[in-house]
Amino acid sequence: MKLSRSTFVLFLTPAVLLYALIFLYPSLRTAFLSLFEVNSFSSTAEAQFRGFGNYRELFTTVVFQRSLINIALTLLVGGMAVFGLSFLFTMFLTSGIRYKSFFRAAIFLPNVINLVAVATVWVQYIYNSRYGFLHGFFNALGLTSLAELEWTSNDLIFWAMLLTYIWVSVGVFTLIILAGAERIPVELFEAARLEGANMFQIFWSITLPLIRDVLRVASVLWTIGVINLFTLPIAFSPVGQTVGAYTPAVYLYELAFGASTGVNQIRVGKAAAAGMVLLLLVLASSALINRLFRSERYEY
Amino acid sequence: MKAKQWLVVTSGVLAVTSGLVASAQQAKTEIVYWSMWNQSEPEAIVVQKAVTAFEAANPTVKVNLNFIGRDIRKLAPAALDSGKTIDVIENDSGWLAENAGKYLLPLEGYLNQPAVGVPGKSVRQTINKALLEQYKVEGKIVSMPYQPFAVLFFYNKDHFQKAGILKEPTTWAQLRSDSDKLKKAGFEPITTESDAFQDVILGYYVQRASGGCDVLQSALNDKTGKAWSGPVFTQMARDIAGLASSGYIAKGTAANKYPAGEQRVALGEVSMYLNGTWLPKEVKGTAGPNFRWGSFPFPTVEGGKGKVNDVMTGAQAIALVKSSKVPKEAFNLVRYIVSKDAQTNMVNDAGSPAAHTGVTWSGPIQEAGIAVGKARRAFGWACDIAKVSEVGYNIIIPAFGDLLVGKISPDQYLERTVNESAQYWASRK
């Protein structure tokens, strides 16, 4: 049955309207606001046109520069750790071990806990340099300098936050990669083993190519999640945002709405510019990932 | 009359009666009140009681009380911009003047109304004058303080006793000497958080050194950044670094995330903490009922013009919104929030200070109340460093924090603050 043009329009209109309402209009309005010095979202009566001045200021603001470095490090260092651990856990879970469901649930458990609760436990207990878990653990191993490390000081707070983020994220990415790996027919692995392939060769030549699509999706999810990282940095600085843990989303939020302590001069124009930068980063990185992970069809 | 007819008549009577009741309720004037407290907080219960007393005394007025919480700072301006009806809002009086002043109604015309519960006195006469006049917008009072705070050194009296300290320090030299005695007695003298309260140390020192907050405000607005290496900041850097190098700053302070530092004081590990008058209440559960709190003002510094009775203070305040259609009724409600009964409840039930001149602060903050009452001069939180917050909180305070814990030297601190603030202003061009 051939569908008429009017039927297409009828079915597509709600989705298009929703897209226009919640994405297109806000994006265009944000782009507009980013060209002004303005301190209100709705009232632009006192706005002063700045052209690209907000963007210029943004990229020369030390805190914003630091926040971009933070997300770059999270993307790369955190990405390698999360995906590396996810592959390791996938290999472990697909190796035929007993109680696979239990281990799978245990690996996923950190992702289930509320992020604010996770941050509170890590900041106030695990990282505490006098009686925290890591303090006791390293002391037991005789590593006193590591035991007394001030994890939540300004110098180290980013790495402390990254470690927590890796711990939280590994579970969900393990499940994604595991779902892709479990689709691969078992006969391929059996045939490879019969041919004398070792675990690494099987992983590199069979598993990786056949989960390419899954990896693409996982990479996009990871990238978008990191670029928009917000809750964890806020939760790691309960009162005032520690400079070392800034991310662009946190800086944007403080500029747009003010902070209890910290940046409390509302500058919606600069915040809008930060929002546009984040949007462009997400679009660019998604396009790059799609190019790197171009689909290839495998028949098996 | 047949049953069917009775049914019709009864239904008609009921309909008319409920219509009358509904329209009677609709006839009540509504005041929309956005409170900064969370519903479970003791201050919220005090506010609720005051609202109930107001409604009982004004049966034609209904208060639509909303406990917004601290997010009111983010939500209220956006809500008012979008045209939402809000008649009364609350927040820190400095924040209200600085960030919400354009929304607020000047109160000059209302302050001479009679105070509730104090015959013969006006509202103006019953509120601490220094707090009332601390923050103005275009020379006019725009908010009524009702829950003040003061920033002082809170300390453990038992520690002082064991260390043989008989009198609280009033000069920087005495603070150092007492810290030394505490250290020798086995206590860690001073702590703070790495994400809070470092700003009040800086603000107080600058006020004591220069006699006011103008030096800090000038430096914040100095486009060259060079003001940060002026004599006040040079002396401050030297003195603060001296605390760290002498071991008077508790180990682990650099890693304290609120409320870790406060808890260390409550656990009896650290002796002194420069904090607000909420400190004893916040750590009540850890400190226990036998903890002996003391407080003293920030000491004077060598060659400085500020005195010990210059107090860093402020208040949570209540304000009327300019666009309110019921300002008279709204101020009537404000009279009940700042009434003697409500303020007494604030002290007794919420353990908070009061702005009412007829209500004494009690318990661990009694000494703080006396200090505020005797204040020669009031100045804002951290000498109002938040007025240029991107410089203050993203450049100066992080550098100050590193100086305080001995991570950088005074020269490195001065160089960093000069260069980074100059870079910030260059980016604003």
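Residues numbered from 1 in each chain as written. Chains lettered and ligands numbered in written order. Predicted model: local features only at pLDDT ≥ 70, side-chain atom pairs only at ≥ 80, totals over all residues.

1. What about the interface of chain A and chain B?
Move 1: Each partner contributes to the interface: chain A provides 33 residues, whereas chain B provides 30 residues.
Move 2: Every element with two or more residues in the side of chain A that touches chain B is listed here: α2 (53–60), α3 (62–93) and α5 (115–126) of chain A.
Move 3: Residue composition of the side of chain A that touches chain B, by class: 11 nonpolar, 19 polar and 3 charged. (Contact = placed C-beta atoms within 7 Å. Helix = DSSP H or I, 4+ residues; strand = E, 2+ residues; numbered from the N terminus. Nonpolar A, V, L, I, M, F, W, Y, C, P; charged D, E, K, R; others polar.)

2. Overview of the nonpolar core
Move 1: B:Val88, B:Leu333 and B:Ile337 are the most contacted members of the largest nonpolar core, which has 203 residues in total.
Move 2: Of all the elements, helix α8 (residues 157–181) of chain A adds the most residues to this core, at 11 residues.
Move 3: For this core, the two domains that each supply at least three residues are domain 1 (27–149 + 315–372) and domain 2 (150–312 + 381–427) of chain B.
Move 4: Excluding anything up to four places from it in sequence, B:Val88 contacts B:Ile31, B:Tyr33, B:Trp34, B:Ile318, B:Leu320, B:Val321, B:Ala330, B:Leu333 and B:Val334. (Core = buried A, V, L, I, M, F, W, Y, C linked by C-beta atoms within 7 Å. Buried ≥ 20, exposed ≤ 12 C-beta atoms within 10 Å, placed from the backbone. Domains from an automatic or database assignment.)

3. Topic: the environment of A:Pro238
Move 1: For A:Pro238, the location among the structural elements is in the loop between α12 (231–236) and α13 (248–257).
Move 2: For A:Pro238, a count of 20 C-beta atoms within 10 Å puts it in the buried group.
Move 3: With 119 residues separating them in the primary sequence, A:Pro238 and A:Ala119 have C-alpha atoms 9.6 Å apart.
Move 4: If we skip the residues at most four places from it in the chain, A:Pro238 touches B:Asp195, B:Lys257 and B:Tyr258.

4. Concerning the confidence of the model for chain B
Move 1: Mean pLDDT over chain B stands at 92; residues scoring 70 or higher make up 97%.
Move 2: Across the predicted assembly, pTM comes out at 0.87 and ipTM at 0.86. (pLDDT = per-residue confidence, 0-100.)

5. Thoughts on helix α11 (residues 231–245) of chain B
Residue and element names in this part refer to chain B.
Move 1: The end-to-end C-alpha separation of α11 is 21 Å, in line with the 21 Å expected for 15 residues at 1.5 Å each.
Move 2: The complete set of buried residues in α11 reads Val-232, Phe-233, Gln-235, Met-236, Ala-237, Ile-240, Leu-243 and Ala-244.
Move 3: Summarising the contacts, the buried residues of α11 are in contact with β7 (188–190), α9 (198–210), α10 (214–221), α18 (389–404) and α19 (410–427). (Expected span 1.5 Å × (residues − 1).)

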